[in-house]
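This is what each chain is made of:
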Amino acid sequence: MSKKIHILVVDDETAMRECLRDWLLEDDYEVGLAASGPEAIAMARDYPWHVVLLDLKMPGMDGLQALAELRQVAPNAEVVMMTAYATVDTAVEAMKVGALDYLVKPFEPDTLIPKILKVYQDLEASRDSRIEVGAVVLCGGADTYHPEEGKNVFAYGRQPGV
């Protein structure tokens, strides 16, 4: 991979953080570790993480609170929630707050690594497909406007301001 993927692992359990770090380093990812939501938020302010692996249940600030703040300080980072206490309600709430995906602990590297690679590829593809223009595109299509032919499929000039 030509560009390193920067992953922040946020979990209050030391063993889980270190296990994830070791798995990710084996595949040549750049990895940061945070033991709490506030620590993750501080790290997200200082560094452009591509992916955040965020534990749901942590003392003090839980994962949903941390996720809401991460969306503010690092809006371009994709967040994957992790939990051993999976419920449909928590998964739905995490997605509403801005999580991209949800992993149920315990999981294997064979589950995690492809998910991270897909998240990063989707993130890069969306960045590559963005264009900046000096006008607003009102509609799109395969047809064109040819005034000399009288063909005006988009009704240009028929409505005020168009």
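This structure is a prediction, so every number in the text was calculated from the model and none was measured.

Student: Account for the pattern of salt bridges, with residues named and values stated.
Tutor: Scanning the model with the defined rule gives six salt bridges in all. Of the charged contacts in the structure, one is a salt bridge between Asp11 and Lys105, with a shortest N-O distance of 2.6 Å. A residue pair is termed long-range when its members are at least 10 positions apart, and Asp11 in the loop between strand 1 (6-10) and helix 1 (14-26) and Lys105 in the loop between strand 5 (101-104) and helix 5 (109-129) qualify at 94 residues. In this structure Asp11 comes out as buried when scored by relative accessible area, which is 0%. Between Asp22 and Arg21 there is a salt bridge; the shortest N-O distance is 3.3 Å. According to the relative accessible area criterion, Arg21 is partly exposed, its value standing at 26%. When salt bridges with common partners are traced through the structure, they connect Asp11, Asp55 and Lys105 into a single cluster.

Student: An account of the nonpolar core is needed here, citing residue identities and associated values.
Tutor: Residues Leu8, Val10, Val52, Leu54 and Met81 are the most contacted members of the largest nonpolar core, which totals 24 residues. Every element with two or more residues in this core is listed here: strand 1, helix 2 (37-46), strand 3 (51-55), helix 3 (63-73), strand 4 (78-83) and helix 4 (88-97). A total of four residues in this core trace back to one element, the largest contributor, which is helix 3. For Val10, the residues in contact, after removing those within four places along its chain, are Ala34, Ser36, Gly37, Ala40, Val52, Leu53, Leu54, Asp55, Met58 and Met82. Of all hydrophobic cores here, the second largest spans 20 residues; its members include Val9, Val51, Ile116 and Val119.

Student: Please set out helix 2 residue by residue, giving values where relevant.
Tutor: Within the sequence span of helix 2, burial applies to Gly37, Ala40, Ile41 and Ala44. Angular distribution of buried residues about the axis of helix 2 spans 100°; they occupy a single face of the element. Structural note: helix 2 exposes Arg45 and Asp46 on the side pointing more than 90 degrees away from its buried face. Those residues of helix 2 that are buried are in contact with strand 1, strand 2 (30-34) and helix 3. A side-chain oxygen of the first residue of helix 2 lies 3.2 Å from the backbone nitrogen of Glu39; this N-cap is Ser36.

Student: With reference to specific residues and values, describe unusual backbone geometry.
Tutor: Look at the link from Lys105 to Pro106: it is a cis peptide, with omega at -5°. By the secondary structure assignment, Pro106 is in the loop between strand 5 and helix 5. Its identity is not glycine, yet Asp28 carries a phi of approximately 70°, on the positive side. Mapped onto the fold, Asp28 is located in the loop between helix 1 and strand 2. For Asp28, a relative accessible area of 43% corresponds to the partly exposed category.

Criteria and cut-off values
- Residues numbered from 1 in each chain as written.
- Predicted model: local features only at pLDDT ≥ 70, side-chain atom pairs only at ≥ 80, totals over all residues.
- Heavy atoms only, no water.
- Salt bridge = Lys/Arg side-chain N within 4 Å of Asp/Glu carboxyl O.
- Helix = DSSP H or I, 4+ residues; strand = E, 2+ residues; numbered from the N terminus.
- Buried < 20%, exposed > 50% of the residue type's maximum accessible area, 1.4 Å probe, protein only.
- Core = buried A, V, L, I, M, F, W, Y, C linked by side-chain atoms within 4.5 Å.
- Contact = heavy atoms within 4.5 Å.
- Arc of directions from axis to C-beta.
- Polar contact = N/O pair within 3.5 Å; in protein donor to acceptor, adjacent residues only side chain to side chain.

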